[in-house]
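# Working through the structure, step by step
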Amino acid sequence: MNRPENISTTLSCSLASEVVRTFGKVRLRVLGTSMVPSVLPGDLISVQRAGLSGISCGEIVLYSREGRLFAHRVVGRAGSREDPRLITRGDRLSHNDPPVSCSELLGRVTSIQCGDGRGHRQVRPAVRLNTREQMIVRVLRTSDRATYLYLRLAGHWRSFFSGRADCQS
């Protein structure tokens with residue numbers, strides 16, 4: 001049986017998907033941690049509708065699958081000319097997502113508005129992680145506890161983490 005919060009989440013995701021498909025863009029608040037340190041929980045992402053052929057490796061895309069939305073980075077391509085697919089992965093994750101089809105793709109993330117007291121500046125998503133962020137990701141991939149500690153520290157000592165300096169006041 002579906003719990004009320006699952007139904008609410010599914011409806012919210014369906015609505016956001018319909019908005020971007022109909023009007024071409026949507027803004028959403030990020031809840032998950034799969035894209036840390038590039039996108040943090042509480043950040044607001046702007047998504048512009050885009051076709052699969054217009055997406056390049058390194059871009060962050062939004063796609064819908066099984067009633068959920070995912071904003072992950074494109075790491076490759078798969079499929080055939082008749083059925084092209086994108087390979088995506090959250091920056092903090094060590095495994096790729098199942099290939100994303102044309103019907104699942106909603107668009108590309110065009111900007112990130114940093115939230116949670118980090119200046120509320122709007123930035124363009126980086127196509128690749130810098131060296132400092134790559135080192136952070138290696139640590140964050142080791143455990144959820146490391147991610148939790150990173151997020152706590154980033155909230156308290158944001159000036160210490162120069163990898164997110166573009167989102168500081």
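The shown structure was predicted, so the numbers you read here are calculated from the model rather than taken from an experiment.

Rules used in this analysis
- Residues numbered from 1 in each chain as written.
- Predicted model: local features only at pLDDT ≥ 70, side-chain atom pairs only at ≥ 80, totals over all residues.
- Heavy atoms only, no water.
- Helix = DSSP H or I, 4+ residues; strand = E, 2+ residues; numbered from the N terminus.
- Buried < 20%, exposed > 50% of the residue type's maximum accessible area, 1.4 Å probe, protein only.
- Contact = heavy atoms within 4.5 Å.
- Areas by Shrake-Rupley, 256 points an atom, 1.4 Å probe, with all protein chains shown as cover.
- pLDDT = per-residue confidence, 0-100.
- Pairing = 2+ DSSP bridges.
- Salt bridge = Lys/Arg side-chain N within 4 Å of Asp/Glu carboxyl O.

Once that is clear, we can look at the overall build of the protein chain. Along its length, the protein chain carries three helices and seven strands. Across the protein chain, helices and strands are ordered from the amino to the carboxyl terminus as α-β-β-β-β-β-β-β-α-α. Within the span of the protein chain, comprising 169 residues, buried residues form 44% of the whole. Restricting to contacts in the protein chain with at least 6 residues of sequence separation, those with at least 24 account for 58%. Surface accessibility of the protein chain: about 9,800 Å² in total, with carbon and sulfur atoms responsible for 53%.

This paragraph deals with the confidence of the model for the protein chain. Averaged over the protein chain, the pLDDT score is 86; the fraction of residues at 70 or greater is 86%. By mean pLDDT, the top-scoring element of the protein chain is strand S5 (residues 84–89) (97), and the lowest-scoring one is strand S7 (residues 122–123) (80). Note on residues 159–165: pLDDT is under 50 here. Beyond four places in sequence and across chains, it has 16 contacts.

To continue, consider the pairing of strand S2 (residues 44–49). Two faces belong to every sheet, and in a regular strand the side chains alternate between them. Looking at chain direction, strand S1 (residues 25–29) and S2 are connected through five bridges and run antiparallel. Among the inter-strand pairings, valine 26 is bridged to a residue of S2, identified as valine 47.

Turning our attention to the pattern of salt bridges. It is possible for side chains of opposite charge to pair when their charged atoms get near one another. Counting across every chain of the model gives five salt bridges. Here glutamate 59 makes a salt bridge to arginine 108, at a shortest N to O gap of 2.5 Å. With glutamate 59 in the loop between S2 and strand S3 (60–65) and arginine 108 in strand S6 (residues 105–113), this residue pair connects regions lying 49 residues apart in the sequence. Its relative accessible area of 21% is what places arginine 108 among the partly exposed residues. One salt bridge connects arginine 92 with aspartate 144, and the closest N-O pair in it is separated by 3.2 Å. On the criterion of sequence distance, the pair formed by arginine 92 in the loop between S5 and S6 and aspartate 144 in helix H3 (residues 144–156) is long-range, its members being 52 residues apart. Overall, aspartate 144 belongs to the exposed group, its relative accessible area being 59%.

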